[in-house]
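Breakdown of the fold
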Protein chains: 2
Amino acid sequence: LEDVNKLENQRKILKYGIPDKGPEYNVYENHVLNYDQARKIPSWVAEHITQDKLKGEANRKHSHFKPDPNLNSKFNAGNDDYLKSGWSRGHMTPAGNHKYKQTAMNDSFYLSNVVPQNYENNAGFWNRFELYCRDLTKKFKDVRVITGPVFLPDLEESEDKIFIKYQLIGKRQVAVPTHLYKVVIAESNNNNNNLIALGAFIVPNKPIGYDKQLTDFMVPLEILEEKTGLTMLPKLDQSMTKNLCSVDSCQLMSRDKFELYFIARRLQTAKNLDQLNKIYNEIAEKKLKPDDYLIKLFKEKEWQLKEKELMGKKHQKEL
Amino acid sequence: LEDVNKLENQRKILKYGIPDKGPEYNVYENHVLNYDQARKIPSWVAEHITQDKLKGEANRKHSHFKPDPNLNSKFNAGNDDYLKSGWSRGHMTPAGNHKYKQTAMNDSFYLSNVVPQNYENNAGFWNRFELYCRDLTKKFKDVRVITGPVFLPDLEESEDKIFIKYQLIGKRQVAVPTHLYKVVIAESNNNNNNLIALGAFIVPNKPIGYDKQLTDFMVPLEILEEKTGLTMLPKLDQSMTKNLCSVDSCQLMSRDKFELYFIARRLQTAKNLDQLNKIYNEIAEKKLKPDDYLIKLFKEKEWQLKEKELMGKKHQKEL
Ligand SMILES: [Mg+2]
Ligand SMILES: [Mg+2]
């Protein structure tokens with residue numbers, strides 16, 4: 001009888017439905033996420049990275065940031081919220097993790113996968129962190145990553161009382177996270193030897209210099225869970241895991257390598273020989289040492305652009 | 001084939017489970033709530049108030065604030081978080097809405113139903129708002145209320161940039177909401193004339209004087225939904241509802257009546273004739289006019305306490 005009363009009360013209380021935070025998760029081509037309808041940003045974005053998915057012809061020039069049509073439009077962010085806000089549109093699952101398929105990369109440009117991120121952080125430390133996660137696929141067959149925002153007090157400012165303070169941008173008041181997190185699970189199964197390496201990291205949403213190591217931002221998973229209110233890996237037996245930064249170095253790309261990596265990316269998009277040479281000369285200016293890959297890339301591109309210019313001159317003559 | 005790939009990706013991504021925010025809702029004897037595991041307070045608490053549930057012998061002296069055993073203990077708040085924090089333990093569904101049954105009242109003392117609330121607000125304006133909701137049962141057969149915290153920027157402080165800032169209290173860092181909300185649905189069905197009155201209110205979590213009206217805090221439901229990220233009443237056809245403050249006055253109890261109400265409550269707990277008279281004399285001191293109910297209450301209590309003192313004297317003599 002007690003239970004019948006309780007059930008009857010429940011039915012009467014919820015006559016007009018259960019207050020709704022939105023779906024538990026949304027599934028995309030190559031990632032899964034939960035959206036925070038109050039803050040207009042994701043609360044977590046989960047992905048599975050393998051070597052196969054990192055190869056391919058998908059190109060971000062075909063992708064465009066846009067509101068996610070799968071969300072209730074009432075809670076969507078818009079590009080105009082980010083425009084001139086002083087904050088970049090930071091991918092949670094990065095575009096570069098979906099090279100195998102254009103539609104998968106396009107999905108990562110939905111604003112449901114984006115938070116307002118400090119420009120320098122996005123282009124610098126965070127980018128190197130993402131490259132590190134991709135690099136893990138060389139050692140580990142399966143790399144799983146959960147990425148998202150977290151809101152923490154600024155402990156440097158705290159006196160007696162502790163506060164959380166964060167900015168809202170745009171007319172839809174999109175929340176700017178104070179920090180970003182990643183949970184990384186790297187797994188290999190060689191000769192029946194199953195290794196699961198686990199690491200959780202919380203990085204401030206601000207510029208992070210080369211003097212900082214990834215290990216400086218490592219936290220116990222339970223601390224991250226307490227702060228986000230999320231139980232990240234409900235089906236993982238954590239006693240079976242090893243510390244990622246013990247199993248692997250957790251070394252991010254050095255400043256030199258990272259700058260060469262960017263120069264390589266820019267070389268690939270050079271539109272003429274002048275541009276190509278200007279970019280290549282930066283290597284010497286910055287006192288960097290080009291590796292074989294970069295030299296080969298330069299030569300190939302140089303040949304390509306010379307061909308193009310010859311074709312152009314020939315075409316002009318014919319006219 | 002496309003869908004098969006997507007499903008296969010989903011399965012691989014979520015190998016270790018879906019990041020878990022906790023249950024969609026928890027059901028108690030006479031209320032239902034969703035808990036915010038990150039902030040350690042509820043996000044909404046739903047209830048159904050009727051005249052029957054407001055009568056009875058349940059007494060808050062038998063109830064005690066305590067952590068909710070139905071929550072994952074990792075995300076629970078504790079009484080020690082509130083102690084000496086400068087903030088009161090504010091019920092979302094008030095104890096007084098569960099007089100019909102002690103276990104229902106006890107459930108309302110779980111900290112899952114509590115947020116850090118300004119003392120004056122809790123005892124004053126918010127208390128009068130709760131009394132108003134109870135009073136609605138005199139006019140409306142069914143009164144449904146959804147109550148919770150909401151985090152908003154302080155518009156008075158805002159310059160160019162907008163921020164949300166809120167305090168955290170205790171070692172578990174329980175979030176202090178900047179505002180509290182209520183959605184009130186009052187419904188009557190007389191002579192086949194179905195009336196559904198709807199009102200949404202956002203009240204700052206600070207002292208609110210008698211100069212303020214409830215209507216000063218009324219907001220369109222969609223604004224509240226946008227700020228909380230909640231679709232409050234997914235099954236309600238809002239086009240069928242009327243504005244609560246047009247159908248009813250939305251008048252809170254006046255200062256005089258509210259003070260008499262408190263004196264009545266204190267009269268009922270007087271332990272001896274001296275105390276009783278002291279409390280009753282406050283009526284004259286505060287220049288209030290006692291109503292018939294209060295006079296009757298005083299006389300009954302006076303007679304009760306005289307009896308008790310006579311019995312005490314008789315008992316002493318016998319010893
Ligand atoms: Mg990025
Ligand atoms: Mg209260």
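The structure under discussion appears in the preceding block.
Described below are features of the structure shown in this document. (Residues numbered from 1 in each chain as written. Chains lettered and ligands numbered in written order. Predicted model: local features only at pLDDT ≥ 70, side-chain atom pairs only at ≥ 80, totals over all residues. Heavy atoms only, no water.)

**Notes on the overall build of chain A**
Threshold: Going along the chain from the N terminus, every DSSP run of H or I of four or more residues is numbered as a helix, and every run of E of two or more is numbered as a strand. Three labels apply to residues, based on accessible area from a 1.4 Å probe with only protein chains included: buried if under 20% of the type maximum, exposed if over 50%, partly exposed otherwise in between. Working rule for contacts: check all heavy atoms of both residues, and any pair within 4.5 Å makes them a contact. Values of accessible area rely on a 1.4 Å probe in the Shrake-Rupley scheme; residue burial ignores everything except the protein chains shown. Note on charges: Lys and Arg go in the positive column, Asp and Glu in the negative column, and His and the chain ends are not counted at all. Taken as the charge centre is NZ of Lys, CZ of Arg, CG of Asp or CD of Glu, depending on the residue.
Along its length, chain A carries 11 helices and 12 strands. Overall, chain A is about 95 × 50 × 50 Å in size when its C-alpha atoms are taken along their principal axes. By the burial criterion, 52% of the 319 residues in chain A qualify as buried. Long-range contacts, defined as pairs at least 24 residues apart, comprise 72% of the intrachain contacts of chain A with a sequence gap of at least 6. Put simply, chain A shows about 16,500 Å² of open surface, and 49% of that area lies on carbon and sulfur atoms. Each charge class in chain A can be summarised by its mean position, and for the 50 positive and 43 negative side chains these summaries are 5 Å apart.

**Looking at the relation of the copies chain A and chain B**
The criterion, for reference: Least squares is the method used to superpose the copies, on C-alpha atoms of residues holding a pLDDT of at least 70 in both.
With an RMSD of 0.1 Å, chain A superimposes on chain B once it is rotated by 180° and translated 0.0 Å along the axis. Here the transformation between the copies is reduced to the relation of a two-fold axis. In terms of C-alpha distance to the rotation axis, chain A has Lys165(A) as its closest residue, with the C-alpha 2.1 Å off the axis. Comparing interface residues between copies, 100% of those in chain A also sit at the interface in chain B, which points to an isologous, same-surface contact.

**Structural notes on the state of the cysteines**
All names here are of chain A. How we decide: What counts as a disulfide here is a pair of cysteine sulfur atoms lying within 2.5 Å.
One pass over the structure, following the stated rule, counts two disulfides over all chains. With a sulfur-sulfur separation of 2.1 Å, Cys 245 is cross-linked through a disulfide to Cys 250. Where Cys 245 bonds to Cys 250 through sulfur, the torsion about that S-S bond is close to -80°, and the disulfide is left-handed. Here Cys 245 falls in the buried class, since its relative accessible area comes to 17%. The exposure class assigned to Cys 250 is buried, which follows from its relative accessible area of 2%. Just so you know, Cys 133 is unpaired, no disulfide at all, and the nearest cysteine sulfur is the one on Cys 250, 9.1 Å from it. Judged by relative accessible area, Cys 133 falls into the buried class, the value being 2%.

**Examining helix α7 (residues 221–228) of chain B**
All names here are of chain B. The criterion, for reference: Directions drawn from the helix axis to the C-beta atoms are what define this arc.
All buried positions along α7 are accounted for by Leu 221, Leu 224, Glu 225 and Thr 228. For α7, the angular spread of the buried residues around the axis is 100°, confining them to a single face. Just past α7, the residue Gly 229 takes up positive phi, approximately 75°.

**Considering the pairing of strand β7 (residues 162–169) of chain B**
Stated precisely, the cut-off is as follows: A pair of strands counts as paired when DSSP detects no fewer than two bridges linking them.
Judged from the seven bridges that link them, strand β7 (residues 162–169) of chain A and β7(B) form a sheet pairing that is antiparallel. Its bridge partner being in β7(B), Phe163(A) is matched across the sheet by Gln167(B). By the bridge criterion, two bridges tie β7(B) to strand β8 (residues 174–175) of chain B in an arrangement that is antiparallel. In the strand pairing of β8(B), Leu168(B) is matched with Ala175(B).

**Some remarks on the side chain of Arg144(B)**
Threshold: Any pair of N or O atoms that falls within 3.5 Å is considered a polar contact. Within protein, one atom must be able to donate a hydrogen and the other to accept it, and sequence-neighbouring residues count only if both atoms are side-chain atoms.
Within the secondary structure, Arg144(B) is located in strand β6 (residues 142–150). A polar contact is formed between the side chain of Arg144(B) and the backbone oxygen of Lys12(A), at a distance of 2.6 Å. In this view, Arg144(B) contacts Lys12(A), Ile13(A), Lys15(A), Tyr16(A), Glu47(B), His48(B), Val183(B), Val184(B), Ile185(B) and Glu187(B); residues no more than four positions away in its chain are not counted.

**Observations regarding the environment of Arg266(A)**
All names here are of chain A. Mapped onto the secondary structure, Arg 266 falls in helix α9 (residues 255–268). In the structure, Arg 266 is positioned 156 residues away from Tyr 110 in sequence and 25 Å away in space, judged by C-alpha atoms. If we skip the residues at most four places from it in the chain, Arg 266 touches Ile 279 and Glu 282. Of note is the side chain of Arg 266, whose polar atom sits 2.8 Å from the side chain of Glu 282.

**A few points about the environment of Leu230(B)**
All names here are of chain B. With respect to the helices and strands, Leu 230 occurs in the loop between α7 and β12 (242–243). Assessed through its relative accessible area of 2%, Leu 230 is described here as buried. Sequence separation between Leu 230 and Trp 44 is 186 residues, and the spatial gap between their C-alpha atoms is 8.9 Å.

**Re the pattern of salt bridges**
Note the following rule: For salt bridges, the criterion is a side-chain nitrogen of Lys or Arg within 4 Å of an Asp or Glu carboxyl oxygen.
The final tally for this structure, using the stated rule, is 34 salt bridges over all chains. As a salt-bridge pair, Arg11(B) and Glu8(B) come within 3.1 Å of each other at their nearest N and O atoms. Remark: Glu8(B) and Arg11(B) occur in helix α1 (residues 2–13); sequence separation between them is three residues, near one turn of the helix. Looking at Arg11(B), the relative accessible area reads 54%, which means it is exposed. Judged by relative accessible area, Glu8(B) falls into the partly exposed class, the value being 33%. One connected set of salt bridges, linked through shared partners, spans Asp80(A), Asp81(A), Lys171(A) and Arg172(A).

**A closer look at the sheet that holds strand β8 (residues 174–175) of chain A**
Spatial strand order, β8(A)-β7(A)-β7(B)-β8(B): four strands in an open sheet with antiparallel pairing. Only two strands of the sheet have a single partner each, and these edge strands are β8 of chain A together with β8 of chain B.

**Observations concerning the interface of chain A and chain B**
Inclusion rule: Buried area, as used here, totals the accessible surface that two parts lose on assembly, with accessibility defined by a 1.4 Å probe and the loss added over both.
Taken residue by residue, the interface counts 67 residues in chain A and 67 residues in chain B. Taken over both partners, the interface formed by chain A and chain B buries close to 6,300 Å², and the fraction arising from carbon and sulfur atoms is 56%. When residues of chain A are sorted by the area they lose upon contact with chain B, Ile13(A), Tyr16(A) and Pro19(A) head the list and together hold 13% of the total. The interface formed by chain A and chain B contains four salt bridges.

**Thoughts on the environment of Ile162(A)**
Structurally, Ile162(A) can be placed in strand β7. Given the relative accessible area of 22%, Ile162(A) is considered partly exposed. Residues Ile162(A) and Leu152(A), 10 residues apart in the sequence, show an inter-C-alpha distance of 9.8 Å. What Ile162(A) contacts, discounting residues up to four positions off in sequence, is Pro153(A), Tyr166(B), Gln167(B), Leu168(B) and Gln173(B).

**Focus: the nonpolar core**
As a reminder of what qualifies: Buried residues of nine kinds, namely Ala, Val, Leu, Ile, Met, Phe, Trp, Tyr and Cys, make up a nonpolar core once their side-chain atoms join them within 4.5 Å.
Counting residues in hydrophobic clusters, the biggest one holds 104 residues, and the most contacted among them are Phe129(A), Leu244(A), Phe129(B) and Leu244(B). Discounting residues that sit within four places of it in the chain, Phe129(B) has contacts with Lys182(B), Val184(B), Phe201(B), Val203(B), Leu214(B) and Leu252(B).

**Comments concerning the pairing of strand β10 (residues 193–204) of chain B**
Remark: a regular strand shows side chains that alternate across the two faces of the sheet. All names here are of chain B. With respect to burial, β10 is a largely interior element, nine of its 12 residues being buried. One ladder, built from 12 bridges, connects strand β9 (residues 179–190) with β10; its direction is antiparallel. By the bridge assignment for β10, Glu 187 is matched with Ile 196. Summarising the sheet, β10 and β12 pair through two bridges and their orientation is parallel. Residue pairing across strands places Ala 197 opposite Lys 242, the latter belonging to β12. Where β10 and strand β11 (residues 218–219) come together, two bridges link them in antiparallel fashion. Bridging across to β11, Ala 200 finds its partner in Val 219.

As far as function goes, none of this settles anything; it's purely spatial.
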